[in-house]
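Chain residues, written in single-letter form:
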Amino acid sequence: MRKQAFFWVFATIVFVLFLTVFSSILLPFVAGLALAYFLDPVADRLERFGMSRLLATCVILITFVVALVLGLIIIVPVLVTQMAEFISKFPGYFTQLQALIAHQDSEWLKKYLGMNSTVIQDNLSGFLKQGASFLTTLLQSLWNSGKSLIDLAGLFVVTPVVAFYMLLDWDRMVDKIDSWVPRDHVKTVRQIAREMDDAIAGFIRGQGTLCLILGTFYALGLTLTGLNFGLLIGLFAGLISFIPYIGSIVGLVLAIGVALVQFWPDWIMVVVVACVFFTGQFIEGNILQPKLVGKSVGLHPVWLMFALFAFGSLLGFTGMLIAVPAAAAVGVLVRFVINRYLESPLYKSSNGEN
C-alpha cells in the first residue's frame, strides 16, 4: 500500500510538472480531447445504427467543422463588429446612464438614498474607472496568454486532427488505461471513474448544451427587441451561464443598462428586455436544468469559481478549459476520501460508537 501511494503521488507530481512545462502548447490538444469526449456518445450511437467507428468519426467531425466554418463566416464577423462598437461606445453609454440616474431632479435620491446627484456621479465615475482597469487587465492577460499558447490558425488546424484520432481510438484508450489499473483495486477505481464520468459528463455535456441553448435564446430575444448589441450581450450571457446566476445577472445588467440609454423614457421596452432574461431563467430552472444536467453533478458554485481562477492563474486559458472537469474529478475524490474516513477506525470509536 505504501509503495502504491508513493507511486501515485510521484505520478501526480510528474503530471502537474508536465502541464506546467508544456502549458504553452497544450491548448489544441486539450481542446481536441474535450471535443472527442463531448462527441463520444454521438459516435457510440452511430455505431449502434450500423456505422463503423471510422465512418461515424468522419461524419461527426465533418458536420462539426462545417457548422464551425458557417459560424465563423456568419456569426463571428457580426460579433466582432458589435464588440468593437460596444467597446468604443461604452464610455458614452455609461455617461448617459449616469446622467439618467443622477438627473437634476434628484429629490428622490436624497429622500430614499440620502445622497445627491453629485455623489452618485462621483461614485459611478469611480466604478467606471475601476471596471475599465479590471477589464483592461483581464483582456491583456488573455491576449498575452493567447499569444504564448499558440497561433490561432494553428489551433483550428491541430484541434480537429487531435479530436479525430482521439474520437476514433476512444474506446481502445479507455480499455488500455483500465488494463493498467492494479488488479487488487480495479473495482474501486472503476467505481470512482464512473462517478467522475457522470459528474464531468453531466456538467460538460449537459451544462454545455444548456449554455448554447440559453445563449441562442438570449441573443434572438434581445435582437428581436431591437436592443443594440443584443446578439453580443445574449451570447455572452448564455455562454457564461455555466457559473450559476453569474451569466443571467451580468447579461441582465448589461442589457438593462443599454436599454435605459436606448429606449428611455419608453419604459415598456426596458421591461420587455428584462422579461427576456426572466423567461430564460424560468426555462433554465424548470426545463433545461432538470432535463440536461440533473442533480448528479455536485459542483458547488463557489468551488467552480475557485477552480476557474486557480487553474486560469496556473495554466492560462488552457487551465480554464480543464478547470471544470478537474473540479468535478477532485470533488469525486474528496467525497470518496471522506466516505472512507467515516468508515475507518480514525472516525469511529474503539467500541464502535459514532
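Residues numbered from 1 in each chain as written. Predicted model: local features only at pLDDT ≥ 70, side-chain atom pairs only at ≥ 80, totals over all residues. Heavy atoms only, no water.

## As for unusual backbone geometry
Step number 1: Although it is not a glycine, Phe229 adopts a positive phi angle of roughly 60 degrees.
Step number 2: Structurally, Phe229 is set in the loop between helix H8 (186-224) and helix H9 (230-239). (Helix = DSSP H or I, 4+ residues; strand = E, 2+ residues; numbered from the N terminus.)

## Quick notes on the pattern of salt bridges
Step number 1: Using the criterion set out here, one finds six salt bridges in the structure.
Step number 2: Salt-bridge contacts for Arg53 lead to Glu47; the nearest nitrogen and oxygen are separated by 3.0 Å.
Step number 3: The exposure class assigned to Arg53 is buried, which follows from its relative accessible area of 11%.
Step number 4: Between Arg190 and Asp178 there is a salt bridge, with its nearest N and O atoms 2.8 Å apart. One end of the pair, Arg190, is in helix H8; the other, Asp178, is in helix H7 (residues 170-180), and twelve residues separate them in sequence.
Step number 5: A relative accessible area of 34% places Arg190 in the partly exposed class.
Step number 6: Classification of Asp178 by relative accessible area gives partly exposed; the value is 23%.
Step number 7: Among the charged side chains, a network of salt bridges with common partners joins Asp40, Asp44, Glu47, Arg53 and Asp171. (Salt bridge = Lys/Arg side-chain N within 4 Å of Asp/Glu carboxyl O. Buried < 20%, exposed > 50% of the residue type's maximum accessible area, 1.4 Å probe, protein only.)

## With respect to the packing of aromatic side chains
Step number 1: Within this structure, the stated rule accounts for four aromatic pairs.
Step number 2: Taken together, the ring pairs connect Phe217, Tyr218 and Phe277 into an aromatic cluster. (Phe/Tyr/Trp six-rings, centres within 6.5 Å; stacked < 30°, edge-to-face > 60°.)

## A closer look at the environment of Ile200
Step number 1: Tracing the backbone shows Ile200 in helix H8.
Step number 2: The exposure class of Ile200 is buried, given its relative accessible area of 16%.
Step number 3: As a C-alpha pair, Ile200 and Ala329 span 129 residues in sequence and 7.3 Å in three-dimensional space.
Step number 4: With near-sequence residues (within four places) excluded, Ile200 lies in contact with Tyr37, Arg205, Pro325 and Ala328. (Contact = heavy atoms within 4.5 Å.)

## Details of the UniProt feature "transmembrane region" (unreviewed entry) in the protein chain
Step number 1: Under the local residue numbering, the UniProt record ascribes the feature "transmembrane region" (unreviewed entry) to residues 6-39, 51-80, 149-168, 210-236, 242-260, 267-283 and 303-334.
Step number 2: Secondary structure content for residues 51-80 is 93% helix and 0% strand, and the end C-alpha separation is 39 Å. (UniProt positions renumbered as here; feature names shortened; annotations may be inferred.)

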